[in-house]
Amino acid sequence: MSELLQFLLSGVTVGAVYALVALGFTIIYNASDVVNFAQGEFVMLGGMTTVFVHAAGAPLPLAVLAAIVLTAALGVAMNKLAIEPARGAPVVSLVIITIGASIFIRGAAQLIFDKQIHSFPAFSGDDPIRIMGATILPQSLWVIGGAVAVFIGLWLFFTRTLLGRAVLATSNNRLAAQLVGINTTFVMTLSFALSAGIGALAGVLVTPITLTSYDVGLGLALKGFAAAMLGGMGNPKGALVGGLALGLLEGLTAGYISSQYKDAAAFIVILAVLFFLPQGLFGRKSTDRV
Amino acid sequence: MTLLQIEGLGISFGGIAAVKDVSFAVKPGEIVSVIGPNGAGKTTLFNMISGVYLPGTGRVVLNGEDVTAMSPHLLARRGMCRTFQNLQVFQSMTVLENTIAGYHLQESGSVLADLLNLPASRRRARTAEAGARTLLKRVGLERAAEREAGSLSYGSLKRLEIARAMALNPKVLLLDEPAAGCNAVETEEIDHLIAEIAASGVAILLVEHDMKMVMRISNHIVVLDHGEKIAEGDPATVSRNPAVIAAYLGAENAAG
Amino acid sequence: MRLTQKSATLLALAVIVALAPLFFPSSFYYRVGALIFVNGLAVTGIVILTGWAGQISLGHAGFAGIGAYACALAPVHLGLHPAGAVLLGAAISAVLAWLVGRPILRLKGYYLAVASLGMGILISMVLNNERDLTRGPDGIDVPDLGLRGALKAAGLDLSNGQFWYFFCGIALLLGAWLALNLFNSPTGRALRALHGSEIAARTVGIDVARLKLQAFVISAVYASVSGSLLALQNKFITPDVAGFMHSVEMVTMAVLGGVGSVAGAIFGAAVLTLLPQVLTVFAEYEQLVLGTVMVLVMIFLREGVVPSILRKIRGAGE
Ligand SMILES: Nc1ncnc2c1ncn2[C@@H]1O[C@H](COP(=O)(O)OP(=O)(O)OP(=O)(O)O)[C@@H](O)[C@H]1O
Ligand SMILES: [Mg+2]
């Protein structure tokens, strides 16, 4: 029983990170129909920038803030330099562009930072908290809490603010949104900033647990992408459920079956889900109008 | 003798009925037109008949066989083909290749033969090409044969779609606004072409907004309004029908 | 008589394979050339699947992995000749592609991308983790094909580099010939048609699901043979051959060069295979350069380098 709880707790922690990465995919996809494979690099940048700004003498909170702001700025730059100019290109070209951008960011990180593995102190110490025979690190609570806060914040943003509704309207129908006077270019910029910022936050929260280095982005991007597709691309609820489901699956597989095959479970389930629901769990079914 | 029988077809999108309980029949060699104001459900009806949409209610019977919701490629084997209101040409292929694609059922054989460029594969392709060139001549596109389809004008693409559909040698041909975007001369050519195809025994189902053309070539007219069939009959009867005049011709006359 | 595009491509390719060695600064370039040809073979399969049929795969390296490990394992465990192992690998890849392709090819765009990605990752995970069979991430030895020895006995003495250069060059020519045959055949036309409009393709009688599956299987066989040749010439293989980055590399080579044309894709394979060799001096900047090239080419030469340039030349000529 406590064993199960232990696996679930670690699954939820990992799942919360995947959910945040998947959310980043979702936000950008909704604004621009682009699946941004550089999403994982934002997570890497969040962790690495914090490490280096902190090492340079800044207090941790300031380093965190700097990391999030810088990564968001990079997201905007990426949109302006690589995505906007390629508007309307076929899916496969967009895949290459964002993978190209991610390789570029990785290469730059390796030059600007280094190739070592880094970390910084956990926010609330390293003493495990005991719950019914299982333990959880305080930092895991930070991760889970951070994810909850982001999802609630975003939900409020989309439902309660004019700007948030403009973003939603754009994702539903770009042309119609333009016709009613929404600046869709700005919505795209905002989405990249938001998505990069959320990615960086995820990186900040998880680094004390998993450590970071210049090359952690790719694996996270693949998992986040898989989680987003599992939930149904373009749906924040799907990102949350997909991310958590993937994290739990990994936790349980690693615990009960084999840690080597934990990734396999995730992808087998994705293939199975897509077999029955070609649009993912919450994705919209699309019909071609002819 | 009925070739195509439509029985009580209906479909709704998001709770709103786009087509409701529409029935009619088409005989070989007959031209049946479906008319109605914008958004009446004509294209949606075509989509259900041709297997693009899954009908919510009703049946489609072709040659005595229930073909409701059958995949379009199987309908093609049974002799049904169509053109599209929102053009569906193979943009990056040449005009000739687009037309040859219409011969797919005749020309396709084993992939292995195609990979190895065996004589059988080449022979099939040559036969299809010869047929395609003849068809392009019939629709007046022989000079554009080697051009990329994406570079053609709207009216030419409409004719290309007709040629591609004719390549299947269909028993039933569904044409969704074939004359849209064509000038008067082109419209008249299409008019003749349709009459010719029908004369060869093909049943034609036509959606067209050009009323002069519809009245001139139709044997039978079905009028849709808000998804429902409000009238049916020969051109003279339909054009005198008060409900039709109110729903459709009235608007046209008022505008003209 | 004007050359058809098919014969022009094949002729140019044959001339390059035959004459390029005259310009090699060192015998090391035989090896680079052979690598280019092996990659060229894999991307030719991507051209069929992605360029013509319009279907994306981010997992094709999985099939290369199967082809490679078939050559490593079948001779040892089944006593098969390495050449037979190439065929066995291709057959396994084809069967697997057929089984996996049926469900996943119903998916569109990014959904297909993630499903194929999952398939590739599953294959590479098996290669990494089934240590008893594959020896895991450290890699495994691959037996000698034996053809070079046979040629030597017959009086044709080639260095190892030369042998693999010409052997892979001939394999690529053969692969390109098959693909170019397909392009103008009824099957090739149907593939390109369903790429243009699936609905219209259906209405002319094209069995879209079946055609996509055929393209998937054919491209899987290309990837598999490419993996086999890589393993045989290196006499050693690691699971990286099946990794995600290798899948991305295949797609990138094809798309950068021009995924719609065999010549373009092979050009892309050549450039991206050469790039790291040229950049060894600036190894640190390799990723920066590669990333920049990927983004810039896709923005400014959308159809890929070769088709975009050809179009410009033709446009200027008219
Ligand atoms: N896939 C779909 N999803 C939602 N609504 C649809 C769909 N297809 C058609 N409709 C709706 O069904 C109604 C009928 O549309 P349809 O295109 O059949 O009209 P039409 O008679 O062909 O009009 P037009 O003369 O303008 O071509 C419209 O209200 C349309 O918005
Ligand atoms: Mg219509």
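Everything numeric in this text was worked out from a predicted model, so none of it was measured.

About the criteria used
- Residues numbered from 1 in each chain as written.
- Chains lettered and ligands numbered in written order.
- Predicted model: local features only at pLDDT ≥ 70, side-chain atom pairs only at ≥ 80, totals over all residues.
- Heavy atoms only, no water.
- Helix = DSSP H or I, 4+ residues; strand = E, 2+ residues; numbered from the N terminus.
- Rg over C-alpha atoms; globule rule 2.2 N^0.38 Å.
- Buried < 20%, exposed > 50% of the residue type's maximum accessible area, 1.4 Å probe, protein only.
- Contact = heavy atoms within 4.5 Å.
- Areas by Shrake-Rupley, 256 points an atom, 1.4 Å probe, with all protein chains shown as cover.
- Lys, Arg positive; Asp, Glu negative; His and termini not counted.
- Charge placed at Lys NZ, Arg CZ, Asp CG, Glu CD.
- Polar contact = N/O pair within 3.5 Å; in protein donor to acceptor, adjacent residues only side chain to side chain.
- Donors = N, O, S within 2.8 Å, 3.2 Å for Na, K, Ca; no water.
- Near = heavy atom within 4 Å.
- Nonpolar A, V, L, I, M, F, W, Y, C, P; charged D, E, K, R; others polar.
- Core = buried A, V, L, I, M, F, W, Y, C linked by side-chain atoms within 4.5 Å.
- Buried area = accessible area lost by both parts, 1.4 Å probe.
- Salt bridge = Lys/Arg side-chain N within 4 Å of Asp/Glu carboxyl O.
- Axes fitted to C-alpha atoms, helices over the stretch in contact; angles between N-to-C directions.
- Parallel < 35°, antiparallel > 145°, perpendicular 65-115°, else oblique.

Asker: Can you help me understand the overall build of chain A in this one?
Answerer: Broken down by element type, chain A carries 11 helices and 2 strands. Counted from the first residue to the last, chain A has its helices and strands arranged as α-α-α-α-β-β-α-α-α-α-α-α-α. The C-alpha atoms of chain A give a radius of gyration of 19 Å, which matches the 19 Å a tight globule of 290 residues would have. Taken along its principal axes, the extent of the C-alpha atoms in chain A is 60 × 50 × 35 Å. Residues counted as buried form 54% of the 290 residues belonging to chain A. Summarising the internal contacts of chain A: among those between residues at least 6 apart in sequence, 75% fall at separations of at least 24. Of the accessible surface of chain A, which amounts to about 12,000 Å², a share of 68% is contributed by carbon and sulfur atoms. Measuring between centres, the 14 positive side-chain charges of chain A sit 13 Å from its 11 negative side-chain charges.

Asker: Even after reading the chapter, I still don't get the overall build of chain C, so can you show me in this structure?
Answerer: Helix and strand counts for chain C come out as 15 helices and 2 strands. At 19 Å, chain C has a C-alpha radius of gyration in line with the 20 Å of a compact globule built from 318 residues. Each principal axis of the C-alpha distribution contributes one length, and for chain C these read about 55 × 45 × 45 Å. At a minimum sequence separation of 6, the contacts of chain C that also span at least 24 residues come to 77%.

Asker: What's the story with the side chain of Thr50(C) in this structure? I'm lost.
Answerer: Mapped onto the secondary structure, Thr50(C) falls in helix H2 (residues 28-52). For Thr50(C), a relative accessible area of 6% corresponds to the buried category. Only 2.9 Å separates the side chain of Thr50(C) from the backbone oxygen of Gln55(C), close enough to count as a polar contact. Non-local contacts of Thr50(C), meaning those with residues more than four positions away in its chain, are made with Val92(A), Gln55(C), Ile56(C), His195(C) and Val259(C).

Asker: Looking at this model, I keep getting lost on the coordination of the magnesium ion (ligand 2). Mind explaining?
Answerer: Ideal donor angles around a metal are set by the shape: a four-donor tetrahedron calls for 109.5 degrees, a six-donor octahedron for 90 or 180 degrees. All names here are of chain B. Of the protein atoms, only Thr43 (OG1) and Gln85 (OE1) coordinate the magnesium ion (ligand 2), at distances of 1.9 to 2.0 Å. Residue Thr43 is located in helix H1 (residues 42-49), and its partner Gln85 is located in the loop between strand E6 (80-82) and helix H3 (95-101); the two are separated by 42 residues in the primary sequence. Residue class for Thr43 comes out buried when judged on its relative accessible area of 15%. A relative accessible area of 25% places Gln85 in the partly exposed class.

Asker: Which parts of the structure should I look at to understand the site of ligand 1?
Answerer: Around ligand 1 sit 16 residues, and of these Asn38(B), Gly39(B), Lys42(B), Thr43(B) and Thr44(B) come closest. The environment of ligand 1 is shared, with nearby residues belonging to chains A and B. At a separation of 2.8 Å, an oxygen atom of ligand 1 approaches a polar backbone atom of Gly39(B). In the environment of ligand 1, an oxygen atom lies 2.5 Å from a nitrogen or oxygen atom belonging to the side chain of Thr44(B). Summarising the interface, the protein chains cover 73% of the accessible area of ligand 1, which totals 630 Å² for the free molecule. Looking at the shell around ligand 1 residue by residue, the class counts come to 5 nonpolar, 8 polar and 3 charged.

Asker: Just checking my understanding: could you explain the nonpolar core for this structure?
Answerer: Nonpolar side chains tend toward joint burial in soluble globular proteins. Counting 240 residues, the largest nonpolar core has Phe225(A), Ile204(B) and Ile237(C) as its most contacted members. No other element matches the 15 residues that H2(C) contributes to this core. Not counting chain neighbours up to four residues away, the residues in contact with Ile237(C) comprise Ala68(C), Tyr69(C), Ala72(C), Gly139(C), Ile140(C), Val142(C), Leu230(C) and Ala231(C). The next biggest cluster of nonpolar side chains, apart from the first, holds 31 residues, and it includes Leu9(B), Phe24(B), Met48(B) and Ile49(B).

Asker: Can you walk me through the interface of chain A and chain C in this structure?
Answerer: By a widely used convention, the size of an interface equals the accessible area lost when the partners come together. Facing 51 residues of chain A, the contacting portion of chain C comprises 42 residues. Each partner contributes to the roughly 4,000 Å² buried at the junction of chain A and chain C, and carbon and sulfur atoms together form 78% of this total. Inspection of the chain A/chain C interface yields 0 salt bridges. Our count for the contact surface shared by chain A and chain C stands at 10 residue pairs in polar contact (both at pLDDT 80 or more). Contributing elements (two or more residues each) for the side of chain A that touches chain C: helix H3 (60-83), helix H4 (91-112), helix H9 (217-231) and helix H11 (262-276) of chain A.

Asker: Can you walk me through the packing of H2(C) against helix H12 (residues 244-257) of chain C in this structure?
Answerer: Two quantities define a packed helix pair, namely the angle between the helix axes and the distance between the axes. All names here are of chain C. In contact at an axis separation of 9 Å, H2 and H12 are set at 75° when each is read in the N-to-C sense. Put simply, H2 runs roughly perpendicular to H12. Facing H2, whose interface residues are Asn39, Ala42, Val43 and Ile46, H12 presents His246, Met250, Val251, Met253 and Ala254. Of the residues in the contact of H2 with H12, the class split is 7 nonpolar, 2 polar and no charged.

Asker: I'm lost on the pattern of salt bridges in this one. Help?
Answerer: When the charged atoms of two side chains with opposite charge come close together, those side chains can pair. Under the defined criterion, the tally for this structure stands at 25 salt bridges over all chains. When the shortest N-O distance is used, the salt bridge between Glu196(B) and Arg138(B) registers 2.9 Å. With a gap of 58 residues between them, Glu196(B) in helix H8 (residues 184-199) and Arg138(B) in helix H6 (residues 119-138) connect regions that are remote in the sequence. Judged by relative accessible area, which is 42%, Glu196(B) ranks as partly exposed. Residue Lys235(C) pairs with Asp144(C) through a salt bridge whose shortest N-O separation is 3.2 Å. Within this pair, whereas Lys235(C) is found in the loop between helix H11 (208-234) and strand E2 (236-237), its partner Asp144(C) is found in the loop between strand E1 (140-141) and helix H7 (147-153), the two being separated by 91 residues in sequence. Exposure remark for Lys235(C): the relative accessible area of 26% places this residue in the partly exposed category. Asp144(C) gets classed as partly exposed once you look at its relative accessible area, which sits at 44%. Here the residues in one salt-bridge network are Lys108(C), Glu198(C), Arg202(C) and Lys212(C), joined through shared partners.

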